[in-house]
Amino acid sequence: GGPFSPCMHRPSRFRPCRAFPIRLFPRGVVADMDCSQGHSLVACALRSQLGPLGRNEFVCDAGMRTLDLRAPSRAGADLHFAPGAARLAWHPASASSVIVASPGGALKQLDARGHFTAPEQLQIESLAESGAQLLSFAVSSTAQLLACGDSDGSLHICAVTEVPIE
């Protein structure tokens, strides 16, 4: 009973699905991805690089890829976000736009078709000032609110326009 009871299924109810690997990032690890309302996927990666102490470490890659899930063998657009993309989400109000967030709190809206966008970039000031890293990211269905979780355990809520806080 209760609202949080686990849902159990018998293994005989699962149907096997054919999965085929698609290599989006030959030298990286898929860090985040999101599917649009249609058939598009956008993904960002972590790549390994030599750190200051001579050890390999993962860093957010500046390159992102899009993919049409109906034709996965055909390459999609390459997107670029200089600070490196930690998290991303399709823009709920603009089908061809992706909202990208860096570990340091930089936010930008990119055109998923690979077209150039305005150089405007937003910064989550409280995240940048604390030195915490962005770990999670969500966009409201109207795209009026953004919520980010950080490595200090804080939640940052950003509004596109001024909204009264109650």
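Look a little higher up for the structure.
Now for a look at the structure at hand.

What counts, and at which threshold
- Residues numbered from 1 in each chain as written.
- Predicted model: local features only at pLDDT ≥ 70, side-chain atom pairs only at ≥ 80, totals over all residues.
- Heavy atoms only, no water.
- Salt bridge = Lys/Arg side-chain N within 4 Å of Asp/Glu carboxyl O.
- Helix = DSSP H or I, 4+ residues; strand = E, 2+ residues; numbered from the N terminus.
- Buried < 20%, exposed > 50% of the residue type's maximum accessible area, 1.4 Å probe, protein only.
- Pairing = 2+ DSSP bridges.
- Axes fitted to C-alpha atoms, helices over the stretch in contact; angles between N-to-C directions.
- Patch = residues over 30% accessible without salt bridge, like charges linked within 9 Å, V, L, I, M, F, W, Y side chains within 5 Å.
- Areas by Shrake-Rupley, 256 points an atom, 1.4 Å probe, with all protein chains shown as cover.
- Core = buried A, V, L, I, M, F, W, Y, C linked by side-chain atoms within 4.5 Å.
- Contact = heavy atoms within 4.5 Å.

1. A few points about the pattern of salt bridges
Within the structure shown, the criterion is met by four salt bridges. The partner of Asp-61 in a salt bridge is Arg-47, with the nearest N and O atoms 3.5 Å apart. Of this pair, Asp-61 sits in strand E3 (residues 56-68) while Arg-47 sits in strand E2 (residues 40-50), placing them 14 residues apart in sequence. Taking the relative accessible area as the measure of exposure, Arg-47 reaches 28% and is therefore partly exposed. Arg-70 serves as the salt-bridge partner of Asp-68, at 3.0 Å between the closest nitrogen and oxygen.

2. Thoughts on the pairing of strand E10 (residues 145-150)
Pairing of strand E9 (residues 134-139) with E10, which is carried by five bridges, proceeds in the antiparallel orientation. Bridge pairing links Ser-136 to Gly-149 in E10. What sits between E9 and E10 in their antiparallel hairpin is a turn of five residues, with Ala-143 showing a positive phi close to 65 degrees. Where E10 folds back onto strand E11 (residues 155-159) in an antiparallel hairpin, the turn is made up of four residues, including Gly-153, whose phi is positive at roughly 85 degrees.

3. Observations concerning the sheet that holds E3
Spatially, four strands are ordered E1-E2-E3-E4 in an open sheet, and the strand pairing comes out antiparallel. Because the sheet does not close on itself, it has two edges, and the strands there are strand E1 (28-35) and strand E4 (78-80). Neighbour-to-neighbour, the strand axes of this sheet turn through a mean angle of 30 degrees, independent of strand direction.

4. Points about a nonpolar patch on the surface
A grouping of Leu-145, Leu-155 and Ile-157 is seen on the molecular surface, where their side chains present a nonpolar patch of about 310 Å² in accessible area. Counting through the fold element by element, Ile-157 comes out in strand E11. Judged by relative accessible area, Ile-157 falls into the exposed class, the value being 60%.

5. Some remarks on the nonpolar core
The biggest cluster of nonpolar side chains holds 14 residues, and the ones touching the most others in it are Leu-107, Ile-124, Leu-134, Phe-137 and Leu-146. Mapped by element, the contributors of at least two residues to this core are strand E6 (97-101), E9 and E10. Ignoring sequence-local partners within four residues, the contact set of Leu-146 consists of Ile-99, Leu-107, Phe-137, Ala-138, Val-139, His-156, Ile-157 and Cys-158. Counting residues in hydrophobic clusters, the runner-up holds 13 residues, among them Met-64, Leu-88, Leu-110 and Ala-112.

6. A look at the environment of Arg-27
Assignment of secondary structure puts Arg-27 in the segment before E1. For Arg-27, a relative accessible area of 77% gives the class exposed. As a C-alpha pair, Arg-27 and Ser-48 span 21 residues in sequence and 7.9 Å in three-dimensional space.

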